[in-house]
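Summary of structural features
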2 protein chains.
Amino acid sequence: MTRVLILGGGGMVGQKLAKRLQSEGLGQDASPDITLFDMAFPPDGVTGVTKKTGNITDQATIGALAAARFDVIFHLAAIVSGEAETNFEKGWAVNMMSMWHLLEALRAEHDASGRQWMPRLVFTSSIAVFGAPFPEKIGDEFLNAPQTSYGAQKAICELMVTDFSRKGYIDGLSLRLPTICVRPGKPNLAASSFFSGIIREPLNGVEAILPVPDTVRHWHASPRSAAGFLTHAATLDTDRLEGRRALSLPGISCTVAEQIEALRRAAGQKTVDLIRSAPDPAIMKIVAGWPRNFDPQRAIGLGFQAESSFDEIIDVYIKEDLPKATA
Amino acid sequence: MTRVLILGGGGMVGQKLAKRLQSEGLGQDASPDITLFDMAFPPDGVTGVTKKTGNITDQATIGALAAARFDVIFHLAAIVSGEAETNFEKGWAVNMMSMWHLLEALRAEHDASGRQWMPRLVFTSSIAVFGAPFPEKIGDEFLNAPQTSYGAQKAICELMVTDFSRKGYIDGLSLRLPTICVRPGKPNLAASSFFSGIIREPLNGVEAILPVPDTVRHWHASPRSAAGFLTHAATLDTDRLEGRRALSLPGISCTVAEQIEALRRAAGQKTVDLIRSAPDPAIMKIVAGWPRNFDPQRAIGLGFQAESSFDEIIDVYIKEDLPKATA
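Since this is a predicted model, take the numbers as computed values, not measurements. (Residues numbered from 1 in each chain as written. Chains lettered and ligands numbered in written order. Predicted model: local features only at pLDDT ≥ 70, side-chain atom pairs only at ≥ 80, totals over all residues. Heavy atoms only, no water.)

**A closer look at the overall build of chain A**
Across its full length, chain A carries 13 helices and 12 strands. Within the span of chain A, comprising 327 residues, buried residues form 60% of the whole. Put simply, 78% of the contacts in chain A that link residues at least 6 apart link residues at least 24 apart. Here chain A has roughly 12,700 Å² of accessible surface; of this, 50% comes from carbon and sulfur atoms. Taken as two groups, the 33 positive and 36 negative side-chain charges of chain A have centres that lie 1 Å from each other. (Helix = DSSP H or I, 4+ residues; strand = E, 2+ residues; numbered from the N terminus. Buried < 20%, exposed > 50% of the residue type's maximum accessible area, 1.4 Å probe, protein only. Contact = heavy atoms within 4.5 Å. Areas by Shrake-Rupley, 256 points an atom, 1.4 Å probe, with all protein chains shown as cover. Lys, Arg positive; Asp, Glu negative; His and termini not counted. Charge placed at Lys NZ, Arg CZ, Asp CG, Glu CD.)

**Things to note about helix 4 (residues 88–112) of chain A**
In a regular helix each residue adds 1.5 Å, so 25 residues correspond to 36 Å; helix 4 of chain A covers 35 Å between its end C-alpha atoms and thus fits that length. Bending of helix 4 of chain A peaks at approximately 35° at the position of methionine 97 of chain A. (Expected span 1.5 Å × (residues − 1). Bend = angle between axes of the 7 residues up to and from the residue.)

**Re the side chain of aspartate 29 of chain B**
Secondary-structure assignment places aspartate 29 of chain B in the loop between helix 1 (12–24) and strand 2 (33–38). Buried and unpaired, aspartate 29 of chain B has no salt bridge, with arginine 3 of chain B as the nearest side chain of opposite charge at 9.8 Å. (Salt bridge = Lys/Arg side-chain N within 4 Å of Asp/Glu carboxyl O.)

**Quick look at the pairing of strand 9 (residues 217–221) of chain A**
Residue and element names in this part refer to chain A. Burial within strand 9 is extensive, with four of its five residues counted as buried. Summarising the sheet, strand 7 (residues 179–180) and strand 9 pair through two bridges and their orientation is parallel. Along strand 9, the bridge assignment pairs threonine 179 with histidine 220. Of the strand pairs in this sheet, strand 9 and strand 11 (residues 252–255) are connected by four bridges, and their pairing is antiparallel. Looking at strand 11, one finds that arginine 217 is bridged to threonine 255. (Pairing = 2+ DSSP bridges.)

**Regarding the pattern of salt bridges**
In this structure the tally under the stated criterion is 42 salt bridges over all chains. A salt bridge links glutamate 24 of chain A to arginine 20 of chain A, with the nearest nitrogen and oxygen atoms 3.7 Å apart. Linking glutamate 24 of chain A with arginine 20 of chain A, this pair stays in helix 1 (residues 12–24), spanning four residues, or about one helical turn. Between arginine 244 of chain B and glutamate 141 of chain B there is a salt bridge, with its nearest N and O atoms 3.5 Å apart. One end of the pair, arginine 244 of chain B, is in the loop between helix 7 (223–235) and strand 10 (246–248); the other, glutamate 141 of chain B, is in the loop between strand 5 (120–126) and helix 5 (149–166), and 103 residues separate them in sequence. By relative accessible area, which is 40% here, glutamate 141 of chain B ends up partly exposed. One network of salt bridges, with partners in common, ties together Lys16, Arg224, Glu320 and Asp321 of chain A.

**A word on the interface of chain B and chain A**
Much of the literature gives interface size as the accessible area that the parts lose upon coming together. Between chain B and chain A, the residue contacts involve 33 residues of the former and 33 residues of the latter. Of the roughly 2,800 Å² buried between chain B and chain A on both sides combined, carbon and sulfur atoms contribute 62%. Area buried by chain B at its contact with chain A is led by Phe88, Leu159 and Arg244 of chain B, which between them contribute 23% of it. Linking chain B to chain A there are six salt bridges. Between glutamate 85 of chain A and lysine 167 of chain B there is a salt bridge; the shortest N-O distance is 3.5 Å. (Buried area = accessible area lost by both parts, 1.4 Å probe.)

**Points about the sheet that holds strand 7 (residues 179–180) of chain B**
Pairing between sheet strands relies on hydrogen bonds along the backbone, with the strands arranged either parallel or antiparallel. Ordered in space as 7-9-11 (chain B), the three strands form an open sheet in which the pairing is mixed. The open sheet has two edge strands with one neighbour each: strand 7 and strand 11 (252–255) of chain B.

**Structural notes on the domain arrangement of chain A**
Residues and elements named next belong to chain A. Under the domain assignment, chain A is made up of domain 1 (3–177 + 223–248) and domain 2 (193–219 + 251–292 + 307–326). Once you take the C-alpha centre of each, domain 1 and domain 2 turn out to be 27 Å apart. Listed as interface residues are 13 residues of domain 1 and, on the opposing side, 13 residues of domain 2. For the pair domain 1 and domain 2, the summed buried area comes to about 1,200 Å², and 56% of that belongs to carbon and sulfur atoms. Contact with domain 2 buries surface across domain 1, with Ile127, Phe134 and Arg224 losing the most and accounting together for 42% of the total. At the boundary of domain 1 with domain 2, the tally comes to four residue pairs in polar contact (both at pLDDT 80 or more). Elements represented by at least two residues in the side of domain 1 that touches domain 2 include exactly helix 1 and helix 7 (223–235). For the side of domain 1 that touches domain 2, the class distribution of residues is five nonpolar, five polar and three charged. (Domains from an automatic or database assignment. Polar contact = N/O pair within 3.5 Å; in protein donor to acceptor, adjacent residues only side chain to side chain. Nonpolar A, V, L, I, M, F, W, Y, C, P; charged D, E, K, R; others polar.)

**Concerning the relation of the copies chain B and chain A**
In screw terms, the move from chain B to chain A is a rotation of 180° and a rise of 0.0 Å along the axis, fitting with an RMSD of 0.0 Å. Taken together, these values place the two copies in the relation of a two-fold axis. Closest to the rotation axis within chain B is the C-alpha of leucine 143 of chain B, separated from it by 2.0 Å. (Least-squares fit on C-alpha atoms with pLDDT ≥ 70 in both.)

**Section: the UniProt feature "domain: NAD-dependent epimerase/dehydratase" (unreviewed entry) in chain A**
If you check UniProt for "domain: NAD-dependent epimerase/dehydratase" (unreviewed entry), the listed places come out as residues 4–205 of chain A in our numbering. Between the end C-alpha atoms of residues 4–205 of chain A the distance is 38 Å, and the span holds 41% helix and 17% strand. (UniProt positions renumbered as here; feature names shortened; annotations may be inferred.)

**Let's talk about the pairing of strand 2 of chain B**
Residue and element names in this part refer to chain B. With five of its six residues buried, strand 2 lies for the most part within the structure. Here five bridges tie strand 1 (residues 3–7) to strand 2, and the two strands are oriented parallel to one another. The residue of strand 2 that forms the bridge with isoleucine 6 is leucine 36. Read as a crossover between parallel neighbours, the route from strand 1 over helix 1 to strand 2 is right-handed. In terms of strand pairing, strand 2 meets strand 3 (residues 50–53) through four bridges, oriented parallel. Its bridge partner being in strand 3, threonine 35 is matched across the sheet by threonine 50. (Right-handed = clockwise from strand over helix to strand, strands pointing away.)

**Some remarks on the state of the cysteines**
The full count for this structure, using the stated rule, is zero disulfides over all chains. There is no disulfide at cysteine 157 of chain A, and the cysteine sulfur nearest it, in cysteine 157 of chain B, is 14 Å away. Here cysteine 181 of chain A stays free of any disulfide, with the sulfur of cysteine 254 of chain A as its closest cysteine sulfur at 7.7 Å. (Disulfide = S-S within 2.5 Å.)

**Some points on the packing of helix 2 (residues 59–67) of chain A against helix 4 of chain A**
Residues and elements named next belong to chain A. For the pair helix 2 and helix 4, the least separation of the axes is 9 Å and the interaxial angle reads 40°. Judged by the angle between their axes, helix 2 and helix 4 are oblique. For the element pair helix 2 and helix 4, the recorded crossing hand is right-handed. Residues Gln59, Ile62, Gly63, Ala66 and Ala67 of helix 2 lie in contact with helix 4, whose contacting residues are Ser98, His101, Leu102, Ala105, Leu106 and Glu109. Looking at the contact of helix 2 with helix 4 residue by residue, the class counts come to six nonpolar, four polar and one charged. (Axes fitted to C-alpha atoms, helices over the stretch in contact; angles between N-to-C directions. Parallel < 35°, antiparallel > 145°, perpendicular 65-115°, else oblique. Left-handed = near helix turned anticlockwise from the far one by under 90°.)

**Quick notes on the nonpolar core**
Membership of the largest hydrophobic core comes to 125 residues, with the highest contact counts inside it found for Met160 of chain A together with Met160 of chain B. Those residues in contact with methionine 160 of chain A that sit more than four places away from it in its chain are Met96, Met99, Trp100 and Leu103 of chain A together with Trp92, Met96 and Ile156 of chain B. (Core = buried A, V, L, I, M, F, W, Y, C linked by side-chain atoms within 4.5 Å.)

**Remarks on the sheet that holds strand 1 of chain B**
Residues and elements named next belong to chain B. With respect to topology, seven strands assemble into an open sheet ordered 3-2-1-4-5-6-10, the strand pairing being parallel. What marks the edges here is a single partner per strand, and that holds for strand 3 and strand 10. For this sheet, the mean inter-axis angle between neighbouring strands, taken without regard to orientation, is 20°. As paired strands, strand 4 (residues 72–75) and strand 5 are joined by four bridges and run parallel to one another. Opposite valine 72, over in strand 5, you have arginine 120 as the bridge partner.

Next up, the structure:
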């Protein structure tokens, strides 16, 4: 039986991933054994899994997780971009140093196993590893010049995952997730939170704040695609990566105005009227340094799949998450 | 008076840099106050400077260096590429973790100064941050996909230096030095050591081993250019970097065969006959993943200068270092 650990398993994507693993299995294994690790779990969250609470910055905790020798480790735990920008120490401690301690703990277990045990590590990186100015579409050979601490931390983790993998201590890869949209639940501290808010809140009959001009263009995929990216990465033949183990993933490039038009098509003008513009210079500044569009040929060639329109992204939310919100 | 600290000041480039600062000054200051820090110093090394010995992996030592609040810090200390590849732990401890501790110590001093003191930090990165496959010439927007631990560590340090600078704790930049050639003195553990050896040893009447085919193309600058890059970086207006604080520097792209032809022009066939070919698969594998040519437009635009031919590089060695070797 495949033993799977999801670090950050209490978060939205972690929960989606656990449910997907339960419903679709992982590779040849129809019912993998799933352990979630996080600081806390939602009360109405996924069931039928093992849940462990703890802090990923604690080295003893990391050591114990490594010692359990899971077959596949999904690393989704992070301080989000907005908080990493305002709390410099916490961002580096959680987003960078805990990855270092995790990799060192995995290396120690690999050595202790007589170099037999080598886990698959799937790390959720971010398109925040890129910084402006950008080409029209960001290709697979464009430099990482992040303009946030969050982006720098993610880029550093990518480099570590690649080097520990090259040396054969782990078999890892990093996925630069598009901004996940529509996130169910409440707004979070990510500077990107509004991209979901302007769709989710109106669909739930609640006013939403738009802190940027509607000309802002960004790169999106649904929570369902995120879970799909992660399970695909967990079973991918990593030899096909040819040593470049960080991938920009497929997504949808659209402006906020196009997002709003898709919302209008899905739910009508009355719903769209719930979006209120209230420019926030701090968020505008962060978002101005973010990517707008990609040409992720490697990931597409490796079989990663996202939605084909923002309408489809809204549809995923309505089918998967809206019923619960209104139940 | 400008107070300058050179970490790794006992090494070849550190010594060249100290001598250049003594002879040419730094910016408006004709005679800066120079402190060298290293694990050991050459007995016949530069005089008229303060020398401190210690280990950069020791946090208390780093803290004391930060507390001295130098105006300019050159960070040249590193485990070289070959050793970082064979001694994984030591490479990460020295090349990555000591940079982290240095930056954290500088940030603490910056805060303790009421955010008044902000040192210029010039970090010597490397073209090893790049990994094959390459374009014909590596441009300023090409990705960092290192294929050695050394390259990964340098790329990570670049990201840290940029983010600590963006936040205003330091005013730093990273210079991706070409392979420095011709290094005076003895061979070192760098996989690139032979590039100097095949010129230096024959010029001193000693046999040299060539461990790769003479078709290998690589990217070079002299020790004199290295010292020039560093002093130029110490006084550069970093606003001109527009947030991208890691620079690929100018150099000479040539094959080993072209190096040998230049040696023949400078010293004749009898000297060239001292080069003995002895292919070493381990070195060939490392070197195969290294860059061959660059188009470093940003650095050139910012006023960084290197030699214009490999003949000139040999000439620098003959004028600056060969007399001492044969004295």
